[in-house]
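# Fold and contact review
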Amino acid sequence: MEDEESAYCQEPFQEFLKTIKKHVLVPAASLRSLSFGCNKTIGAGPCIDFRDVNYPHLEMLRLENVLFDNEPPQFIGTEDFVIRHSETLTKLELVHCSI
């Protein structure tokens, strides 16, 4: 039953993540703190692409249940996102993240 439910929810959830990225994450250029997560793994199926998201003043980052994967087709740029902000980050929390 869980497989049917996750297959049913995957497409609407993916659209939700795209909307969050477009209308919340990308426009927030002056962000200093970001906490992003979900109760299901983001990146294995539904994902958010971090490759073109940048916050020049980001000091605190908390990711929960986000996949770190640098291999196609799952590549979503999570590791590069963290590295790209390494000079400004003073706190990094990775909670239940997968590699």
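Residues numbered from 1 in each chain as written. Predicted model: local features only at pLDDT ≥ 70, side-chain atom pairs only at ≥ 80, totals over all residues. Heavy atoms only, no water.

### Let's talk about the confidence of the model for the chain
- Averaged over the chain, the pLDDT score is 80; the fraction of residues at 70 or greater is 82%.
- No element of the chain has a lower mean pLDDT than helix H1 (residues 2-25), at 69, and none a higher one than strand S3 (residues 91-95), at 96.
- Contacts from residues 1-5, a stretch scored under 50 in pLDDT, to residues over four places away or in other chains number zero contacts. (pLDDT = per-residue confidence, 0-100. Helix = DSSP H or I, 4+ residues; strand = E, 2+ residues; numbered from the N terminus. Contact = heavy atoms within 4.5 Å.)

### Focus: the packing of aromatic side chains
- Applying the stated criterion across every chain yields a total of three aromatic pairs.
- When the ring of Phe-36 is compared with that of Phe-50, the centres are 5.9 Å apart and the planes differ by 85°; the resulting orientation is edge-to-face. Of the two residues, Phe-36 sits in strand S1 (residues 33-42) while Phe-50 sits in the loop between S1 and strand S2 (60-66), which places them 14 residues apart along the sequence.
- The buried category is assigned to Phe-36, whose relative accessible area is 10%.
- Relative accessible area serves as the criterion here: at 1%, Phe-50 is assigned to the buried category.
- Aromatic pair Tyr-55 and Phe-81: ring centres 6.2 Å apart, planes at 90°, arrangement edge-to-face. Of this pair, Tyr-55 sits in the loop between S1 and S2 while Phe-81 sits in helix H2 (residues 78-84); the two residues are 26 residues apart in sequence, bridging distant segments of the chain. (Phe/Tyr/Trp six-rings, centres within 6.5 Å; stacked < 30°, edge-to-face > 60°. Buried < 20%, exposed > 50% of the residue type's maximum accessible area, 1.4 Å probe, protein only.)

### Details of the environment of Thr-88
- Positionally, Thr-88 belongs in the loop between H2 and S3.
- Along the chain, Thr-88 and Arg-32 lie 56 residues apart, while their C-alpha atoms are 9.1 Å from each other.
- The contact partners of Thr-88, leaving out residues within four places of it in the chain, are Tyr-55, Pro-56, His-57, Leu-58 and Glu-59.
- A polar contact of 2.6 Å, which involves the side chain of Thr-88, links it to the backbone oxygen of Leu-58. (Polar contact = N/O pair within 3.5 Å; in protein donor to acceptor, adjacent residues only side chain to side chain.)

### A closer look at the pattern of salt bridges
- One pass over the structure, following the stated rule, counts six salt bridges.
- Between Lys-18 and Glu-15 there is a salt bridge, with its nearest N and O atoms 3.7 Å apart. With Lys-18 and Glu-15 both in helix H1 and three residues apart, the pair spans about one turn of that helix.
- Classification of Glu-15 by relative accessible area gives partly exposed; the value is 42%.
- Two residues, Asp-52 and Lys-21, come together in a salt bridge whose shortest N-O distance is 2.6 Å. (Salt bridge = Lys/Arg side-chain N within 4 Å of Asp/Glu carboxyl O.)

### Digging into the sheet that holds S3
- Sheet architecture is open: three strands sit in the order S1-S2-S3, paired in parallel fashion. The open sheet is flanked by S1 and S3, the only strands paired with a single partner. Going across the sheet, the axis of each strand differs from the next one's by a mean of 5°, ignoring polarity.
- Both S1 and S2 contribute to a ladder of six bridges, which runs parallel. Note that in S2 the partner of Ile-42 across the bridge is Val-66. (Pairing = 2+ DSSP bridges. Axes fitted to C-alpha atoms, helices over the stretch in contact; angles between N-to-C directions.)

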